[in-house]
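For reference, the chains in residue letters:
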Amino acid sequence: MPQNSFKRLAEEKEKEYVPPPELEQRVMAQIYLLQIMGKAVELYMPQLVQMLFQMMGHSVHHIGEMFSQKEPIHPPSRSKRTAKKNKSK
Amino acid sequence: MGGSLDKLKDHELIEKFLQTQDTSYFNLLYRRYAAKVYSKCISMLKDEARAQDAVQDIFAKLFLNLHKFNKKARLSTWIYAITYNHCIDQIRRHHKDIIQFGDNVEDPDPIAEDVQEVHDKVLLEMELDRLEAVLDAIPPDDKVILLMKYQDGMQIKEIAEALDKTESAVKMKIKRAKAKAHKAYVKLFGDFLR
């Protein structure tokens, strides 16, 4: 079955414009760089966070405490607010 | 190793790469898709240097988002969607004031008021140089949607996902893009598409 014009046009363009070999080198160099950056972040991020907290005067245990607050702070419920309003009247 | 790697399917390559972080797997993905991505970038951006920069950015995006790839989808569809979206962004940056990307059905475009039905056959059998001229004469977002449908063979659902639109919006957009192609053809070549 003959291909449609869109597909034939794509084939022609592919033949006409071949990616230069140095483009592959550029792309792969960037991939290596991104990979190294990712590994560096993975390795040093915990230490960096720890250092920042210590600079702020907290210990590492503090971080855990901050996230394990027993009672979350909520705005007063509607009924409490209306009770307050009535009281003030 | 190279020969055995060549036999791996795309999703197997991705899985291997994610497991091992061995860049030779990613390199193979590059070799499989670079030519197609590059020619798409050239046809959209019309400049070899910009197309090369775009290819570099697209593969970097691919690398950073590979873990999000849905294994049920086709990798080619995903890569082409990234390519088209990236090219549209690039063109937008260059002509901020001209291009409006969006399927807005209520767009005050005069074509939207009187969308002529253009049969697929007419577009699919057009002479290549004429087709290229017509595609270059219509807005890039219309060109992209026609390329997705007729060149890459993407389903409406896949196009909708790639462009983050609803399926009905995509259908309308295709219809309008075809009408714009028809209008461009008449303007360029004088005779009517039949």
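Just above sits the structure.
What counts, and at which threshold
Residues numbered from 1 in each chain as written. Chains lettered and ligands numbered in written order. Predicted model: local features only at pLDDT ≥ 70, side-chain atom pairs only at ≥ 80, totals over all residues. Heavy atoms only, no water. Helix = DSSP H or I, 4+ residues; strand = E, 2+ residues; numbered from the N terminus. Expected span 1.5 Å × (residues − 1). Buried < 20%, exposed > 50% of the residue type's maximum accessible area, 1.4 Å probe, protein only. Patch = residues over 30% accessible without salt bridge, like charges linked within 9 Å, V, L, I, M, F, W, Y side chains within 5 Å. Areas by Shrake-Rupley, 256 points an atom, 1.4 Å probe, with all protein chains shown as cover. Salt bridge = Lys/Arg side-chain N within 4 Å of Asp/Glu carboxyl O. Bend = angle between axes of the 7 residues up to and from the residue. Contact = heavy atoms within 4.5 Å. Buried area = accessible area lost by both parts, 1.4 Å probe. Axes fitted to C-alpha atoms, helices over the stretch in contact; angles between N-to-C directions. Parallel < 35°, antiparallel > 145°, perpendicular 65-115°, else oblique. Left-handed = near helix turned anticlockwise from the far one by under 90°. Nonpolar A, V, L, I, M, F, W, Y, C, P; charged D, E, K, R; others polar.

How would you summarise helix α11 (residues 167-189) of chain B if you had to cite specific residues and measurements?
Every α-helix winds through 3.6 residues per turn, so residues three or four apart in the chain are directed the same way. If you check α11(B), its first and last C-alpha atoms are 33 Å apart, about what 23 residues at 1.5 Å a residue would give, namely 33 Å. Once α11(B) finishes, B:Gly190 follows within two positions and takes phi at roughly 80°, a positive value.

Summarise unusual backbone geometry; cite the residues concerned and give the values.
Residue and element names in this part refer to chain B. Backbone geometry places Gln21, a non-glycine residue, at a positive phi of 60°. Inspection of the secondary structure puts Gln21 in the loop between α2 (10-20) and α3 (23-45). Overall, the relative accessible area of 33% leaves Gln21 in the partly exposed class.

So what's going on with a nonpolar patch on the surface? Residues and values would help.
A contiguous nonpolar patch, built from A:Val41, A:Met45, A:Leu48, A:Val49, A:Met51, A:Leu52 and A:Met55 and spanning about 640 Å² of accessible area, is present on the exposed surface. Summarising the element assignment, A:Met55 is placed in helix α2 (residues 21-55).

Tell me about α2(A), and please be specific about residues and values.
Residue and element names in this part refer to chain A. Compared with the 51 Å implied by 1.5 Å per residue over 35 residues, the 49 Å span of α2 between its first and last C-alpha is a close match. Where α2 bends most, the angle comes to about 45°, and this point is Tyr44, followed within four residues by the proline Pro46. Buried within α2 we find Leu23, Glu24, Val27, Met28, Ile31, Gln35 and Phe53. Directly beyond the C-terminal end of α2, a positive phi value near 90° is found at Gly57.

Account for the pattern of salt bridges, with residues named and values stated.
In a structure, side chains of opposite charge can pair up when their charged atoms sit close to one another. Residues and elements named next belong to chain B. Under the defined criterion, the tally for this structure stands at 16 salt bridges over all chains. Residue Asp120 is joined to Lys178 by a salt bridge in which the shortest nitrogen-to-oxygen separation is 2.8 Å. Of this pair, Asp120 sits in helix α7 (residues 120-124) while Lys178 sits in helix α11; the two residues are 58 residues apart in sequence, bridging distant segments of the chain. By relative accessible area, which is 30% here, Asp120 ends up partly exposed. Close ionic contact of Lys180 with Asp142 constitutes a salt bridge, the shortest N to O distance being 2.9 Å. Taken together, the residues span a long stretch of sequence, with Lys180 in helix α11 and Asp142 in helix α9 (residues 140-151) at a distance of 38 residues. Considered together, Lys180 and Asp142 belong to a single accessibility category, that of buried residues. Sharing partners across several salt bridges, the network here consists of Asp141, Asp142, Lys173 and Lys180.

Give a detailed account of the interface of chain A and chain B, specifying residues and quantitative values.
Between chain A and chain B, the residue contacts involve 24 residues of the former and 35 residues of the latter. Taking both partners together, chain A and chain B bury about 3,000 Å²; carbon and sulfur atoms supply 65% of that area. Where chain A packs against chain B, one counts four salt bridges. A:Lys13 is paired through a salt bridge with B:Glu132; the nearest N and O atoms lie 2.5 Å apart. Those elements that place two or more of their residues in the side of chain A that touches chain B are α1 (5-16) and α2 of chain A. Counting residues per element, the side of chain A that touches chain B draws most heavily on α2(A), at 10 residues.

So, the packing of helix α5 (residues 75-94) of chain B against α9(B): which residues are in play, and what are the values?
Residues and elements named next belong to chain B. Across the interface, α5 lies against α9 with an axial gap of 10 Å and an inter-helix angle of 165°. One way to sum up the angle between α5 and α9 is to call them roughly antiparallel. Once α5 is placed against α9, the crossing between them reads as right-handed. Of α9, the residues touching α5 (which contributes Ala81, Tyr84, Ile88 and Ile91) are Pro140, Asp141, Val144, Leu147, Met148 and Gln151. Tallied by class, residues from the contact of α5 with α9 come to eight nonpolar, one polar and one charged.

Any functional reading would require information that these geometric values do not contain.
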